[in-house]
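# Fold and geometry: a report
Spelled out from the first residue to the last, the chains are:
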Amino acid sequence: MIITKVLGLTSALTRSKKAKIAILGLEMAVLAYALYQQKQERKNKRLKS
């Protein structure tokens, strides 16, 4: 859902496919990092319990 909003915003600002792909790649990297952090937090909670 967020990806479509970002792509809609970038298409309004620029018509460059490279810019759209770069922003999409950046968002995917942020999402991957967030998932990694969430996994680490769950792992740490299990160890403390």
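Residues numbered from 1 in each chain as written. Predicted model: local features only at pLDDT ≥ 70, side-chain atom pairs only at ≥ 80, totals over all residues. Heavy atoms only, no water.

## Structural notes on the overall build of the chain
Tallying secondary structure elements over the chain gives two helices and zero strands in all. Counting over 49 residues, the chain shows a buried share of 4%. Element-wise, carbon and sulfur atoms account for 65% of the exposed surface of the chain, whose accessible area totals about 4,700 Å². (Helix = DSSP H or I, 4+ residues; strand = E, 2+ residues; numbered from the N terminus. Buried < 20%, exposed > 50% of the residue type's maximum accessible area, 1.4 Å probe, protein only. Areas by Shrake-Rupley, 256 points an atom, 1.4 Å probe, with all protein chains shown as cover.)

## Let's talk about the UniProt feature "transmembrane region" (unreviewed entry) in the chain
Per the UniProt entry, the sites bearing "transmembrane region" (unreviewed entry) are residues 19-36 in this numbering. Along residues 19-36, the helical share is 100% and the strand share 0%, with 26 Å between the first and last C-alpha atoms. (UniProt positions renumbered as here; feature names shortened; annotations may be inferred.)

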